[in-house]
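# Coordinate analysis (summary)
What follows is the residue order along each chain.
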Amino acid sequence: ILISETSELKRMSTSSSNNVIYSMVAILATQIAIIAGLVMIQIPRKLDPNSTRQTLCLPCPKTQPSKYAYEYFSLMYTPIWISAFACIVAGKLYEDFTAVSYNIVCV
């Protein structure tokens, strides 16, 4: 009886694990579809030929230097912190964190 109960528990845990994986894949696919849809419905702006700007993503560095500096900093720093948190989550490093560790990571 114990062996059949153990095999039944293993089968149920594998089944629920697969259900979680399918649910997570569905959630991720939905998020990607929503983001793609939002990007596609945006109306592209035309770059003025007389402008000194080189891109539409960043503000003009000559007319708005502080805004340009912040946007440039954010653009460069974002991949760094996303990568750091991805490593923490992928490596399950958060399981060993203390209150001090969380503060160090988040500051």
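Here we take up the overall build of the protein chain. When helices and strands are counted, the protein chain shows three helices and zero strands. When the helices and strands of the protein chain are read in sequence order from the N terminus, they spell out α-α-α. Burial status across the protein chain gives 5% buried among its 107 residues.

Attention shifts here to the packing of aromatic side chains. With the rule as written, the count across this model stands at four aromatic pairs. Each ring, one from Tyr-68 and one from Tyr-72, has its centre 6.2 Å from the other, and the planes form 15 degrees; the classification is stacked. Residue Tyr-68 and its partner Tyr-72 are located together in helix 2 (residues 65-90), separated by four residues, close to a single helical turn. Between Phe-97 and Tyr-102, the ring centres sit 5.2 Å apart and the planes meet at 85 degrees, which makes this aromatic pair edge-to-face.

So, on to helix 2. A rise of 1.5 Å per residue sets the reference length of helix 2, with its 26 residues, at 38 Å; its end C-alpha atoms lie 38 Å apart and thus fit the reference within 8%. Positioned one or two residues after helix 2, Lys-92 has a phi angle of 55 degrees, which is positive.

Another point: a nonpolar patch on the surface. A surface patch of nonpolar side chains, about 800 Å² in accessible area, is lined by Tyr-70, Phe-73, Tyr-77, Ile-80, Trp-81, Ile-82, Phe-85 and Val-105. Top contributing element to the nonpolar patch by residue count: helix 2, with seven residues. As for its position among the elements, Tyr-70 is in helix 2. Judged by its relative accessible area of 52%, Tyr-70 falls in the exposed class.

This part is about the confidence of the model for the protein chain. For the protein chain, the average pLDDT comes to 82, and 74% of its residues sit at 70 or higher. Per-residue pLDDT, averaged within each element of the protein chain, yields its smallest value for helix 1 (residues 2-40) (79) and its largest for helix 2 (92).

Turning our eyes to something else, we now look at unusual backbone geometry. Residue Lys-92 is not a glycine yet carries a positive backbone phi of 55 degrees. Inspection of the secondary structure puts Lys-92 in the loop between helix 2 and helix 3 (99-106). Assessed through its relative accessible area of 48%, Lys-92 is described here as partly exposed.

With that out of the way, let us pick up the environment of Cys-57. Position of Cys-57 among the secondary structure elements: in the loop between helix 1 and helix 2. Here Cys-57 falls in the exposed class, since its relative accessible area comes to 70%. Residues Cys-57 and Glu-71 lie 14 residues apart in sequence; the distance between their C-alpha atoms is 9.1 Å.

Reading the values: the criteria
Residues numbered from 1 in each chain as written. Predicted model: local features only at pLDDT ≥ 70, side-chain atom pairs only at ≥ 80, totals over all residues. Heavy atoms only, no water. Helix = DSSP H or I, 4+ residues; strand = E, 2+ residues; numbered from the N terminus. Buried < 20%, exposed > 50% of the residue type's maximum accessible area, 1.4 Å probe, protein only. Phe/Tyr/Trp six-rings, centres within 6.5 Å; stacked < 30°, edge-to-face > 60°. Expected span 1.5 Å × (residues − 1). Patch = residues over 30% accessible without salt bridge, like charges linked within 9 Å, V, L, I, M, F, W, Y side chains within 5 Å. Areas by Shrake-Rupley, 256 points an atom, 1.4 Å probe, with all protein chains shown as cover. Salt bridge = Lys/Arg side-chain N within 4 Å of Asp/Glu carboxyl O. pLDDT = per-residue confidence, 0-100.

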